[in-house]
Amino acid sequence: MKFGVVMFPGSNCDHDTYHVISKVIGQPVDFIWHRQSAVADCDAVILPGGFSYGDYLRTGAIARFSPVMGAVKEFASRGGLVMGICNGFQILCEAGLLPGALLRNKNLKFICDHVNIRVEATDTPFTNRCQRNQVLSVPIAHGDGNYFCDEQTLAELQRENRILFRYSDADGRITAEANPNGSLDNIAGICNRERNVLGMMPHPERASEQQLGSSDGRIIFYSVADTLAELAKAS
Amino acid sequence: MSEPLVTTELIRSHGLTGDEYGRIVQLLGREPNYTELGIFSVMWSEHCSYKSSRVHLRRLPTTGDCVLQGPGENAGVVDIGGGLAAAFKIESHNHPSFIEPYQGAATGIGGILRDVFTMGARPLAAMNSLHFGPLSAGDDASAEERATVARNRSIMAGVVKGIGDYGNAFGVPTIGGEVRFAECYSRNPLVNAFTLGLMRTEHILYGRATGVGNPVIYVGAKTGRDGIHGATMASEEFGEEAGSKRPTVQVGDPFLEKLLLEACLEAMRAGAIVGIQDMGAAGLTSSSCEMGSRAGNGVEIDIDLVPQREAGMTPYEIMLSESQERMLIVAVKGREREVVDIFKKWELDAVVIGRVTGDDHLRVKKNGAIVADISNKALTDAAPVYDRAIKRPERGPLTEVTQVESSLEEVDATFMRIVAQPAIAAKEWVYRQYDHMVRTNTVVLPGSDAAVIRIKEKRRLLAMTLDSNARYCRVDPRAGARLVVAEACRNLVASGARPLALTNCLNFASPERPEVMWQFSEVIDGMAEACEVFGTPVTGGNVSFYNETEGRGIDPTPVIGMVGLVEESRHITTQWFKAEDRAIVLLGFTADDLGASCYALEMLGVADGRVPQLDLALERRVQEACLKIIQAGLVESAHDCSDGGLAVAIAESCFSSYRRDVIGCEVDLEGQLSAAALLFSETPSRIVLSALEGNINQILQLAREHEVAASVIGRTRGERLVINVNGERAIDHPVAEVESAWRIVLPRLLEIPSLVAAEEK
């Protein structure tokens, strides 16, 4: 079992994610350079947070053309687990691996803060260790995290139970006050129809060690590790 | 191409005096040409040469056991044990931030980040000290005053966004700092940026052009016409035409900087680099001649090889450009290819543009002809040094600040006003716009006395704080500087850290005014005295003079960036009460120190009066006692008493924080002093602690051993903030009410666009 963390020029949560996988979750992990056209022997690929290519045109808009993205798409189509965090989520939307887009935050400002998210679905490789309605305290840090999609897509996401995380208060209530960035339906994270590609704006890697205030986020990485272990056992 | 003739008018417009020009001719043994005149003018500018401050800066202590590199390099470096070293520095970007707040602040961050990573360290934390003009005006304010307020708000919004956008994209957490307000910053905002980086001690790299014959490599962004004479601009006061100086402000590109960081660190670790320096103020000129000068060597540059963004640039423009995100590297001869390849991997330009020579000269060639040829020493060590005239300003007797209120109800109302002073109010509006968590090391988030970052896989942690207090320095620069150093140390100690060393940013008005030089000299002396007592050497910093617009200068504003070491994570202490039924202990005692305080500012409209009395020896004992108490695990919270006095310190300890609700308290203050003095006196050497009842005897015992006053002044309980003075209720509010009054101040002043628009009209 091996995790891969993609390094785009401008990624800046790559080392943080690597640290959590290797030191907290205790799993093998490699960096994948953006020029690589294969994800090699990785069993789960993480697109980390940051400002790929400076995000000058539009978040994630340039990164989707990176050679590695061809490999990521191919990997995902074979059922490989792909997880986009923050900028990674934005890239997955731009690349068409996830529907919708991430607009400027409603207050037009960058927001760095701890927020609460509620787990909405547990039948995914990313949340299978969670309880439904479990509230996780995980930080956000973004200027463009305001999730948007058309009505039809939203209905589809809801019907197919593909909204995995929604911004909530500490008691799990989905309220307007708990929505930090104006996201449609308080959406903080979604998956694709096949449930093997996750995009989320909050940073679980920043909430994986109690020393940093919260270790709620590591359950997501543990879920992925469990899934991979099961798959390995099965094969 | 014909170059302008060097005339008296041209010399003057380059900011050089007749005497200075004479000295140039003497050093060269001939008249300089146009390019050389430009090179001298930037290197001899106040900003680069420190010509007015050097004689005074020598009085600061700069050595100590932990100091690996003191002033004179791109950043200071201290040993933090375990084979690791921390490089840190603070620098001003005041002038550009007034002209163009967003880019001015952003490029300030870019510059200080480069200063730190040129030392071989990866930047791990940033902080800022920001000073702005007032954000609100009274109801009877004139149209002009309203316009000023509107501009102050827009400067602040632009600066904060500039810092955030640059630091966030680069990937350095901005973990703390300070934001202060006073009238004198209306046209002279201060933006002082601090960065700390970490490296293994054997990886320290210097800005030295060593090894004759070694290649000089230019890396990073291409050179354009931006920022020409930025250093000269930062060495002048502004007139009414400040807006016309906008073209001298550079434009930042944090993405490019991030690539530059990764490429530089990779090339450094490969051992292919012997010296490196940021092309900051005075660009290619300062980086080449300073690196040459430090190594006692010369540097020869072929200007045609410099990557250029636009066509037809003259040697003058190329040498003086302050285009951002560029570095000059001296590599090991024969390893040029390796360096170029590493930069290519990161999609950056890396071009050999010259070589190190053995003759101490900066020699610039174009088309094979020499266009500038100057001794490096002439540009650096031989730059003019002025012992400028000093004059203590005439001043009448100091106002005696005493209680204004005639009842405790009025005192309570004053408390609510002080809590809502912008300088004291919550700074969340600011730091929420900064990514303060990236790199996952921030253990104490912004909001407590000092920020703390962990060092992954090490037991030790680093604490850091930025502090200033122009209210005090304005009345008494020497005492003010001592108080600022003491407070910085106290902030670290209250957080569980032992102070190690500091960097300073000295912001002043025009050095050509003897009263300003007196303030400068006094500040240096005060700072030196305090540094000696606390054993915290100065490892470098920055002097920013000419913070003056249309004849109005700023109050003396020395800013201290202090770094300390937390031995282990269980020592980390934050300011917030942790639980109910805890005893609240005041370490130290309250004296009649309402002068120059936030109280004086609120009640008299001007922070006049005698500054708080500081006994450095006592302060040191209080800090030693506090650190012992914390390290013995006896307390749950510790909070320094400073702006707004004890009442504010107690209120802040009650406020909510991440995953922690408000905790109320009932405190009893007693003594001969007025209620206002007991509550709002800014007596230094005081720390508010909270602890389990069972630990009180030990805490009091440790205080006694250090000959420090300590007393139990109350208990945490409930959800109300109650403070009694001599048995009578003085302050009584739900904590939530006080907290919301404190939290709402900046959003209310900065988030109502219609109001701002109305005022701009």
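**Observations regarding the overall build of chain A**
Secondary structure summary: chain A contains five helices and eleven strands in total. Here the C-alpha radius of gyration of chain A, 16 Å, is about what a compact globule of 235 residues would show, namely 18 Å. Dimensions of chain A, computed from the C-alpha atoms along their principal axes, are close to 45 × 40 × 35 Å. Here chain A, with 235 residues, has 63% of them falling under the buried criterion. In chain A, the proportion of contacts linking residues at least 24 apart, taken out of those at least 6 apart, comes to 75%. Carbon and sulfur atoms make up 48% of the accessible area of chain A, which amounts to about 8600 Å² in all. In chain A, 22 side chains carry a positive charge and 26 a negative one; their mean positions are 2 Å apart.

**So, the overall build of chain B**
Summing up its helical and strand segments, chain B has 27 helices and 28 strands in all. For 761 residues, the compact-globule formula gives about 27 Å, and the C-alpha radius of gyration of chain B, at 26 Å, lands near that figure. Looking at chain B as a whole, 65% of its 761 residues are labelled buried. Considering only intrachain contacts with a sequence separation of at least 6, the fraction spanning at least 24 residues in chain B is 84%. Surface exposure of chain B reaches about 25300 Å², of which carbon and sulfur atoms provide 49%.

**Some remarks on the packing of aromatic side chains**
A full pass over the atoms with the stated rule returns 14 aromatic pairs over all chains. Judged by centre distance (6.4 Å) and plane angle (40 degrees), the rings of Phe-132 of chain B and Phe-181 of chain B are tilted. Here Phe-181 of chain B lies in strand β5 (residues 174-181) and Phe-132 of chain B lies in strand β4 (residues 122-132), a separation of 49 residues in the sequence. We classify Phe-181 of chain B as buried; its relative accessible area is 16%. On the numbers, 5.0 Å between centres and 70 degrees between planes, the contact of Phe-508 of chain B with Phe-520 of chain B is edge-to-face. Of this pair, Phe-508 of chain B sits in the loop between β17 (498-507) and α19 (514-534) while Phe-520 of chain B sits in helix α19, and the two are twelve residues apart along the sequence. Considered together, Phe-508 of chain B and Phe-520 of chain B belong to a single accessibility category, that of buried residues. In textbook terms, an aromatic cluster arises when at least three aromatic residues are bridged by ring pairs, as seen for Phe-508, Phe-520 and Phe-545 of chain B. Over the ring of Tyr-206 of chain B we find Arg-208 of chain B; its NZ or CZ atom is 4.4 Å from the centre of that ring. Lying over the aromatic face of Trp-33 of chain A, Lys-345 of chain B brings its terminal NZ or CZ to 4.9 Å of the ring centre.

**Remarks on the nonpolar core**
Phe-165 of chain A together with Met-156 and Phe-343 of chain B are the most contacted members of the largest nonpolar core, which totals 130 residues. Broken down by element, this core gets its largest block of residues, ten residues, from helix α10 (residues 254-269) of chain B. Not counting the four nearest positions on each side in its chain, Phe-343 of chain B is found in contact with Val-219, Leu-260, Ala-263, Cys-264, Ala-267, Ile-329, Leu-348 and Ala-350 of chain B.

**Some points on the interface of chain A and chain B**
Contacts between chain A and chain B engage 34 residues on the former and 36 residues on the latter. Approximately 3000 Å² of surface area, both sides summed, lies buried where chain A meets chain B, with 55% of it carried by carbon and sulfur atoms. Of all residues in chain A, the largest losses of buried area upon contact with chain B belong to Phe-110, Cys-112 and Gln-211 of chain A, amounting jointly to 19% of the total for that side. The interface formed by chain A and chain B holds seven salt bridges in total. Between the two partners, chain A and chain B, sit 14 residue pairs in polar contact (both at pLDDT 80 or more). Among the secondary structure elements, those contributing two or more residues to the side of chain A that touches chain B are α1 (14-25), β6 (111-119) and β7 (135-142) of chain A. The residue makeup of the side of chain A that touches chain B, split by class, is twelve nonpolar, twelve polar and ten charged.

**Section: the pairing of strand β11 (residues 197-200) of chain A**
All names here are of chain A. The alternating pattern of β11 places Val-197 and Gly-199 and Leu-198 and Met-200 on opposite faces, both of which are buried. Strand direction decides the pairing type here: strand β4 (residues 81-85) and β11, joined by four bridges, are parallel. Of the residues in β11, the one forming a bridge with Val-82 is Val-197. As paired elements, strand β10 (residues 187-191) and β11 share three bridges and run antiparallel to each other. Looking at the pairing, Ile-190 lines up with Gly-199 of β11. The loop that links β10 with its antiparallel partner β11 comprises five residues; one of these, Arg-195, has a positive phi angle of about 65 degrees.

**Points about unusual backbone geometry**
One non-glycine residue, Asn-133 of chain A, lies in positive phi territory at about 70 degrees. Counting through the fold element by element, Asn-133 of chain A comes out in the loop between β6 and β7.

**Describing the sheet that holds strand β2 (residues 76-81) of chain B**
All names here are of chain B. Sheet architecture is open: six strands sit in the order β1-β2-β3-β6-β4-β5, paired in mixed fashion. Either end of the sheet is taken by a strand with one partner, and the two such strands are β1 (67-69) and β5. Ignoring strand direction, the axes of neighbouring strands in this sheet form an average angle of 20 degrees. The pairing of β4 with β5 spans seven bridges and is parallel. Note on β5: the bridge partner recorded for Leu-130 is Val-179.

**With respect to a nonpolar patch on the surface**
On the surface, a nonpolar cluster with roughly 210 Å² of combined accessible area is contributed by Val-404, Leu-604 and Val-606 of chain B. Assignment of secondary structure puts Val-606 of chain B in the loop between α20 (598-604) and α21 (616-631).

**So, α10 of chain B**
All names here are of chain B. Relative to the 22 Å expected for 16 residues at 1.5 Å per residue, α10 spans 22 Å between its end C-alpha atoms, a close match to the ideal helical length. For α10, the buried fraction is high: 14 of the 16 residues fall into the buried class. Between the side-chain oxygen at the start of α10 and the backbone nitrogen of Phe-255 there is a gap of 3.1 Å, and the oxygen is on Asp-253. Backbone geometry just after α10 places Gly-271 at a positive phi near 80 degrees.

**A few points about the pattern of salt bridges**
All names here are of chain B. Per the stated rule, a full pass over the model turns up 79 salt bridges over all chains. Across the pair Arg-743 and Glu-428 runs a salt bridge whose closest N-O atoms are separated by 3.1 Å. Here the residue Arg-743 occupies a position in helix α25 (residues 735-743), and Glu-428 occupies one in helix α16 (residues 428-431), the gap between them amounting to 315 residues. Residue Glu-428 is classed as partly exposed on the basis of its relative accessible area, which comes to 25%. For the salt bridge of Arg-729 with Glu-666, the shortest nitrogen-to-oxygen distance reads 3.2 Å. Pair noted here: Arg-729 is in strand β28 (residues 728-734) and Glu-666 is in strand β24 (residues 665-669), with a separation of 63 residues, a long-range link. The class of Arg-729 is partly exposed, set by a relative accessible area of 45%. When its relative accessible area of 23% is taken as the criterion, Glu-666 is described as partly exposed.

**A closer look at the pairing of strand β3 (residues 44-47) of chain A**
Residues and elements named next belong to chain A. Neither face of β3 is exposed, since Ala-44 and Ile-46 on one face and Val-45 and Leu-47 on the opposite face are all buried. Direction of pairing for strand β1 (residues 3-7) relative to β3: parallel, over a ladder of three bridges. When the bridges of β3 are listed, Val-5 appears paired with Ile-46. Note that β3 and β4 share four bridges and pair parallel. The residue of β4 that forms the bridge with Leu-47 is Gly-84.

**Topic: the sheet that holds β17 of chain B**
Within a sheet, adjacent strands bond to each other through the backbone by hydrogen bonds, running parallel or antiparallel. Residues and elements named next belong to chain B. Read from one edge to the other, the open sheet built from six strands follows the order β14-β15-β16-β21-β17-β18, with strand pairing classed as mixed. The two strands at the open ends of the sheet, each matched to only one other strand, are β14 (442-444) and β18 (538-544). Each strand axis lies, on average, 25 degrees off the axis of its neighbour in the sheet, ignoring direction. The pairing of β17 with strand β21 (residues 557-566) spans nine bridges and is antiparallel. Within β21, the position partnered with Leu-502 by the bridge is Met-562. Where helix α18 (residues 477-494) meets the sheet, it contacts β16 (461-467), β17 and β21, and its direction lies at approximately 30 degrees from that of β21.

**Describing the environment of Ala-176 of chain A**
Along the chain, Ala-176 of chain A turns up in the loop between β9 (163-168) and β10. In this structure, the C-alpha to C-alpha distance between Ala-176 of chain A and Gly-54 of chain A, residues 122 residues apart in sequence, is 31 Å.

**Structural notes on the packing of helix α7 (residues 101-117) of chain B against α10 of chain B**
Residues and elements named next belong to chain B. As a packed pair, α7 and α10 sit with axes 11 Å apart at the nearest point and diverge in direction by 5 degrees. Judged by the inter-axis angle, α7 sits roughly parallel to α10. On the side of α7, the interface is formed by Gly-110, Leu-113, Arg-114 and Phe-117, while α10 contributes Glu-257, Leu-260, Leu-261, Cys-264 and Met-268. Here the contact of α7 with α10 is composed, by residue class, of six nonpolar, one polar and two charged.

Rules behind the numbers
- Residues numbered from 1 in each chain as written.
- Chains lettered and ligands numbered in written order.
- Predicted model: local features only at pLDDT ≥ 70, side-chain atom pairs only at ≥ 80, totals over all residues.
- Heavy atoms only, no water.
- Helix = DSSP H or I, 4+ residues; strand = E, 2+ residues; numbered from the N terminus.
- Rg over C-alpha atoms; globule rule 2.2 N^0.38 Å.
- Buried < 20%, exposed > 50% of the residue type's maximum accessible area, 1.4 Å probe, protein only.
- Contact = heavy atoms within 4.5 Å.
- Areas by Shrake-Rupley, 256 points an atom, 1.4 Å probe, with all protein chains shown as cover.
- Lys, Arg positive; Asp, Glu negative; His and termini not counted.
- Charge placed at Lys NZ, Arg CZ, Asp CG, Glu CD.
- Phe/Tyr/Trp six-rings, centres within 6.5 Å; stacked < 30°, edge-to-face > 60°.
- Lys NZ or Arg CZ within 6 Å of the ring centre and 35° of its normal.
- Core = buried A, V, L, I, M, F, W, Y, C linked by side-chain atoms within 4.5 Å.
- Buried area = accessible area lost by both parts, 1.4 Å probe.
- Salt bridge = Lys/Arg side-chain N within 4 Å of Asp/Glu carboxyl O.
- Polar contact = N/O pair within 3.5 Å; in protein donor to acceptor, adjacent residues only side chain to side chain.
- Nonpolar A, V, L, I, M, F, W, Y, C, P; charged D, E, K, R; others polar.
- Pairing = 2+ DSSP bridges.
- Axes fitted to C-alpha atoms, helices over the stretch in contact; angles between N-to-C directions.
- Patch = residues over 30% accessible without salt bridge, like charges linked within 9 Å, V, L, I, M, F, W, Y side chains within 5 Å.
- Expected span 1.5 Å × (residues − 1).
- Parallel < 35°, antiparallel > 145°, perpendicular 65-115°, else oblique.

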